[in-house]
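Structural overview for review
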Amino acid sequence: MMFSIIIANYNYARFISDAINSVLIQDWPKFEIIVVDDGSTDESAQIIRSFGHKVKAFFRQNGGQREANNFGFAQSRGDIVIFLDADDVLVPGALRAIGSVWREGLSKVQVQMQRVDEQKNPIRNVIPRIPKDLSFKKILQWAYTTSEYPSPPGSGNAWSRKFLEKFFPIKEDYDAFTDSTCIAMAPYLGDIETIEVPFVLYRMHGENDSNLSNNDRNFSREIARSLKRHAAACDACEMAGLPPPSKRSLFRGPHLLQLRVASLCLTPEHKPLVSDSRKRALYDALLILFRPSFEKFYVRLIISAWSILALTTPEKISRKIIAKRFA
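Residues numbered from 1 in each chain as written. Predicted model: local features only at pLDDT ≥ 70, side-chain atom pairs only at ≥ 80, totals over all residues. Heavy atoms only, no water.

1. A closer look at the nonpolar core
Residues I7 and I98 are the most contacted members of the largest nonpolar core, which totals 36 residues. With five residues, the top contributor of residues to this core is helix α1 (residues 13-24). Beyond its immediate stretch of four places on either side in the chain, I7 contacts I16, A19, I20, I33, I34, V35, V36, L84 and A86. (Core = buried A, V, L, I, M, F, W, Y, C linked by side-chain atoms within 4.5 Å. Buried < 20%, exposed > 50% of the residue type's maximum accessible area, 1.4 Å probe, protein only. Helix = DSSP H or I, 4+ residues; strand = E, 2+ residues; numbered from the N terminus. Contact = heavy atoms within 4.5 Å.)

As structure tokens, then:
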């Protein structure tokens, strides 16, 4: 089997070398590295070119991550595809571990990710939390009922080419971030294998798209993205001949609940989920304790208490509560 590692880079000159080198040291006999520079204005191009024939480098006008990865996928040949973020790092042995569990019928193999700082020092917890006795059947159930399942973000996923070919190039109707669409579609178009080892370093440096505390409107933006993921999931079900997930599932996810609470408190004028309200969020905060979920009960209890507190306290206090949660 051949791996294609596709790295979309935009102004990450200080990180891109680490990302490329982390692939070059992998002990798998057959892989290619495709770097798509998305119109960087820093020293990225010079650094990428310094790797010479070791990478397939392409330099394009800025078009966003989705278009850069669409282009990179079109240039790739691998049976297994990893979209490695330019600020992330593969741990030695990652490709061999993924290859050792690969089988026909998979949509992806997912690994855990260790959060690190700019200097790659471990911080916070490993993600995602993996529940006991995780199975594909449970993942599919959670995806249907809560629109969520335990999955790492982009770099922690190794995708089947056969799976990706069903919807690539990703169309503009879907989310601007590649992993969002792929993660949403994966449970409906194949099996998912999980490796409970942090084979990716997830670098946290303040400029990550996942840093929601930079702007109050980021929370409503994330809810809007969940609607696009839901649409992608419905399309995947149509491809597979399965019934689509209900839109009610968006009101049952523990992670999305926290984003809804933050959005309702900080930017109540922006409501991507039109029927959402503080009253409904309070109702869901109570019911989350009793609904099926991959999160343990004590985690759901914390989420429930946090949500109720944020929704029922004055804005000054709720803002501090939300800032602490999403710092």
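2. Considering the pairing of strand β3 (residues 56-60)
As paired elements, strand β2 (residues 31-38) and β3 share five bridges and run parallel to each other. Residue pairing across strands places V35 opposite A57, the latter belonging to β3. Read as a crossover between parallel neighbours, the route from β2 over helix α2 (residues 44-49) to β3 is right-handed. (Pairing = 2+ DSSP bridges. Right-handed = clockwise from strand over helix to strand, strands pointing away.)

3. Considering the layout of surface pockets
By volume, the second largest pocket amounts to about 260 Å³. As for the second largest pocket, its lining consists of 14 residues, and the residues nearest its centre are W102, E104, S160, R161 and K162. Per element, the largest residue contribution to the lining of the second largest pocket is three residues, and it comes from helix α6 (residues 161-164). Across the lining of the second largest pocket, the residue classes tally to four nonpolar, three polar and seven charged. (1 Å grid on protein atoms, 1.4 Å probe; cavity = no way out; pocket = protein on both sides within 12 Å on 5 of 7 lines; lining within 4 Å. Points joined across faces, edges and corners; volume = space filled by probe spheres on them. Nonpolar A, V, L, I, M, F, W, Y, C, P; charged D, E, K, R; others polar.)

4. With respect to the environment of I192
Mapped onto the elements, I192 comes out in strand β9 (residues 191-203). The class of I192 is buried, set by a relative accessible area of 6%. Leaving out residues up to four positions away in the same chain, I192 has contacts with L106, S107, K108, Q110, F136, I139, Y149, A186 and P187.

5. Here's the deal with the packing of helix α9 (residues 254-266) against helix α11 (residues 297-312)
One way to put it is that α9 packs onto α11 with a least axis distance of 10 Å and a crossing angle of 10°. Considering their axes alone, α9 and α11 lie roughly parallel with respect to each other. Where α9 abuts α11, its residues P254, L257, Q258, V261 and C265 lie against I303, W306, S307, A310 and L311. In terms of residue class, the contact of α9 with α11 is built from eight nonpolar, two polar and no charged. (Axes fitted to C-alpha atoms, helices over the stretch in contact; angles between N-to-C directions. Parallel < 35°, antiparallel > 145°, perpendicular 65-115°, else oblique.)

6. Details of empty space enclosed by the protein
Under the definition given, this model contains two cavities of 30 Å³ or more. Approximately 50 Å³ is the volume attributed to the largest cavity. Lining the largest cavity we find I223, R260, S263, L264, T267, H270, K271, P272, L273 and D276. With three residues, α9 is the largest single contributor of residues to the lining of the largest cavity. In terms of residue class, the lining of the largest cavity is built from four nonpolar, three polar and three charged. Volume-wise, the second largest cavity comes out at about 40 Å³. Along its surface, the second largest cavity is lined by I82, L90, A94, I98, V109, V111, S155, G156, N157, A158, F199 and V200.

7. Quick look at the environment of G253
Position of G253 among the secondary structure elements: in the loop between α8 (218-240) and α9. Among the residues examined, G253 registers a relative accessible area of 1% and is labelled buried. Remark: the alpha-carbon pair of G253 and D284, spanning 31 residues in sequence, is separated by 9.1 Å. Among all residues touching G253, those that are not within four sequence positions of it are T146 and E148.

8. Brief notes about the packing of aromatic side chains
Tallied over the entire structure, the rule returns 12 aromatic pairs. Relative to Y188, the ring of Y144 lies with its centre 5.2 Å away and its plane at 80°, an arrangement referred to as edge-to-face. Residue Y144 is located in helix α5 (residues 136-146), and its partner Y188 is located in the loop between α7 (178-185) and β9; the two are separated by 44 residues in the primary sequence. Take Y144: its relative accessible area is 24%, and that puts it in the partly exposed class. Here Y188 falls in the buried class, since its relative accessible area comes to 6%. Ring centres 5.7 Å apart and planes at 25° place the aromatic pair W159 and F163 in the stacked group. Linked through ring pairs, F73, F83, W159, F163, F167 and F168 together constitute an aromatic cluster. A cation over a ring is seen here: R49 above F59, with NZ or CZ 4.2 Å from the ring centre. (Phe/Tyr/Trp six-rings, centres within 6.5 Å; stacked < 30°, edge-to-face > 60°. Lys NZ or Arg CZ within 6 Å of the ring centre and 35° of its normal.)

9. Quick word on the packing of α8 against α9
The N-to-C vectors of α8 and α9 enclose an angle of 135°; their axes lie 8 Å apart at closest approach. In terms of their interaxial angle, α8 and α9 are classed as oblique. Here the hand of the crossing between α8 and α9 comes out left-handed. Between α8 and α9, the residues in contact are F219, S220, E222, I223 and S226 and L256, L259, R260, A262, S263 and L266, respectively. (Left-handed = near helix turned anticlockwise from the far one by under 90°.)

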